[in-house]
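Per-entry structural report
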Amino acid sequence: MNILVPVKSVVDVELNIRVKDSHIVEDGLNYILSKWDENALEAALQLKEAGGGEVTAVTVGPARSGEALRKAMAMGADKGIHINDPATEGSDSWGYARVLEAVARKGSYDLIITGRQSQDTDMGSTGAFLAALLDLPLVVNVIHMERQSEAGRLEVHRKGDGDTEVIELALPALITANDSLNEPRLASLKGIMAAKKKPLETLTLADLSLDASQVGAQGAAIEIMGFEAPPGRAAGKKFEGEPEEVTAQVVGLLASEAKIFT
Amino acid sequence: MQQQAPSGYDLFQPTEEAALLRQTVRQFVEREVEPQAARHEREERFNRELFRRLGELGLLGITVPEDWGGAGMDAVAAVIAHEEITASDPGLGLSYLAHSMLFVNNFFHNSNQTQREKYLEKVLSGEWVAGMCMSEPEGGTDIQAMRSTAVKSGGNYILNGRKMWVTNGCLDDHNPGDVFLVYARTGAKISTFVVDRTMEGFSLGQKIRDKAGMRSSPTAELVFSDCRVPAENLLGAEGESLIHMMRNLELERLTLAAMALGIARRCLDEMNRYAGQRTAFGQPINQFGQIQRHIGESYAEFSAGRCLVYDVARRLRLEQPGMRLETDAAKLYTATMAKNVADRAIQVLGGYGYVGEYSVERLWRAAKLLEIGGGTMEAHQKNITRDLSRNPRFFR
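Residues numbered from 1 in each chain as written. Chains lettered and ligands numbered in written order. Predicted model: local features only at pLDDT ≥ 70, side-chain atom pairs only at ≥ 80, totals over all residues. Heavy atoms only, no water.

Here's the deal with the packing of helix α8 (residues 324-349) of chain B against helix α10 (residues 377-390) of chain B
Residues and elements named next belong to chain B. The geometry of α8 relative to α10 is characterised by a closest axis approach of 9 Å and an angle of 145° between their N-to-C directions. Read as a crossing pair, α8 and α10 show a hand that is left-handed. Contact residues: α8 offers Arg-324, Leu-325, Asp-328, Ala-329, Lys-331, Leu-332, Ala-335 and Thr-336, while α10 offers Met-377, His-380, Gln-381, Asn-383, Ile-384, Arg-386, Asp-387, Leu-388 and Arg-390. Looking at side-chain class alone, the contact of α8 with α10 contains 7 nonpolar, 4 polar and 6 charged residues. (Axes fitted to C-alpha atoms, helices over the stretch in contact; angles between N-to-C directions. Helix = DSSP H or I, 4+ residues; strand = E, 2+ residues; numbered from the N terminus. Left-handed = near helix turned anticlockwise from the far one by under 90°. Contact = heavy atoms within 4.5 Å. Nonpolar A, V, L, I, M, F, W, Y, C, P; charged D, E, K, R; others polar.)

Here's the deal with the pattern of salt bridges
Inspection of every chain in the model, using the stated rule, returns 49 salt bridges over all chains. Between Lys-71 of chain A and Glu-38 of chain A there is a salt bridge, with its nearest N and O atoms 3.1 Å apart. Placement of Lys-71 of chain A in helix α2 (residues 66-75) and of Glu-38 of chain A in helix α1 (residues 35-51) is noted, with a sequence separation of 33 residues between them. We classify Glu-38 of chain A as buried; its relative accessible area is 7%. Two residues, Arg-70 of chain A and Glu-16 of chain B, come together in a salt bridge whose shortest N-O distance is 3.1 Å. One end of the pair, Arg-70 of chain A, is in helix α2; the other, Glu-16 of chain B, is in helix α1 (residues 16-42), on a second chain. (Salt bridge = Lys/Arg side-chain N within 4 Å of Asp/Glu carboxyl O. Buried < 20%, exposed > 50% of the residue type's maximum accessible area, 1.4 Å probe, protein only.)

Concerning helix α3 (residues 75-86) of chain B
Residue and element names in this part refer to chain B. An ideal rise of 1.5 Å per residue puts 16 Å on 12 residues; α3 measures up with 16 Å between its terminal C-alpha atoms. Among the 12 residues in α3, 12 count as buried, and that is most of the element. Buried within α3 are the following residues: Ala-75, Val-76, Ala-77, Ala-78, Val-79, Ile-80, Ala-81, His-82, Glu-83, Glu-84, Ile-85 and Thr-86. (Expected span 1.5 Å × (residues − 1).)

Regarding the interface of chain B and chain A
Across the boundary between the two partners, chain B contributes 25 residues, which contact 21 residues of chain A. The junction of chain B with chain A conceals about 2,000 Å² of combined surface from both sides, 58% of it contributed by carbon and sulfur atoms. At the boundary of chain B with chain A, the tally comes to 4 salt bridges. Note that Glu-183 of chain A is salt-bridged to Arg-31 of chain B, the shortest N-O span being 3.3 Å. Linking chain B with chain A are 10 residue pairs in polar contact (both at pLDDT 80 or more). Contributions of two or more residues to the side of chain B that touches chain A are made by α1 and α2 (48-57) of chain B. If one sorts the elements of the side of chain B that touches chain A by residue count, α1 of chain B sits on top with 11 residues. The class makeup of the residues in the side of chain B that touches chain A is 9 nonpolar, 9 polar and 7 charged. (Buried area = accessible area lost by both parts, 1.4 Å probe. Polar contact = N/O pair within 3.5 Å; in protein donor to acceptor, adjacent residues only side chain to side chain.)

Dropping the structure here:
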């Protein structure tokens, strides 16, 4: 099975992110592979290990995004495709989906797996847009995957409202991965060294016959107006006095402020 | 908070592989090392399963070429791995060092094809736990005072003696570790032997209990009593031990210094966080000058030590010694730095710093070992002075 896994390099939220003049301060930021993309990649690697085939990781972004691709290859992806074109900057989910569509059409893939959302914008729409553009069946938020399906079909479970939906897909198809789908493997040291020798193709929009006006800030339907740091946490309340009085106060506030009894 | 250098050169992650390695080890540590660290330390127990995981990830053969099943990485990579593991579990860091640096790296560079085929796979996978035997009950730094002997008899060497302070010397209370490099006298000179657990006359003398720190790393006394070692297990030629030691010593000291960095970094992290949360007299304690001195000095000293260690690492060639002065200096400085930073961390955390739950007392106890093991402070001072006296124009 040939599988395409779009991955994204995102800001590591473990570090402090500072906002200045409505922009994120780039200095001192660290970029990592978006965590749901690791689940998508793990799912692809498991399918490949069970039934053969090839896993291709693809990313859209500047030079630094290449590190996310190397990590994907260190984890086990067979090759990488890096769309590095300044015209893609400022893309919204639709723009990214347009670029990924062009990449998918250049190859021949039985399955595309994306993370259910990226860790930075949390939009969760690129996978769905991509499926629409490619006219592929789509299942989002997959939490389990049966590895022994008959050829050309794949059984997946997704989290529905309160229960689990079991869906059989005809391939080619697109699924998006929930983080409970699997525990992504660590890149082994051998994987890290091997990643250097795996094929990494760098393409521009022209290579994909895409026009700069279709993607990036120009082609975006959504414009990010600015960023704001979240407000600091308000100080907690401390109650003092006899237990009866304190209990009455707490219950009163739970009803009037927290509104937990309504 | 690091601004990228205009040149793009990152001393701590000079290559993409180095950056990926740090990510991998850090993820591994968060998921699998940190949750077990305090418990194994408290119970003085070696975590054999976790050690095998180091093998699965490829960490045990980090400096062994890829052709031989290793990762084929450099000294910077070895430093990164030791720093990251030790920031969580110094005992595991020490056992990792004893296995992958004291045994594997030394063995690989000084062994022949047959010896590699016999042992390498077992130690790279973590199936076997390895170590090195140099110190004896009556002598450590003074190598010439070594008493253990190996006498050739037919196709064997008969090994007699006792070895002390052997990291990974035992796996539990009753079983010795699996394979060791053992230094012993063959006449006037010292030779190196590979001794494994299958050899008759090799046994566990005692597990050394009640160490101040590094208690998740097993330490033992090993006894060789008419131990028959096949002649093919002589490493290199008779009398070559000093060459073997010299070849390996620089990487050993450097990775011990990397352990010190891990300890210091974690302590700094803990005291910084605590000082921002804990309040006294109506404000966070990091608003007080006395606390600021602890944090400020710790950060400055840690940063100096980290730059020193990584600068030496990037210049160190695994196959070619020549950095004795620099590696001595790196360990001399960082061992005491780590101890001082850990001490300040306890001071900042007050009573909480003195109990196990907050980790810093465990790191503080571990730090002291680095002033003793793998070269005492006094040995480093002696070496540095000797090297400088021979080369007064040491600076470029």
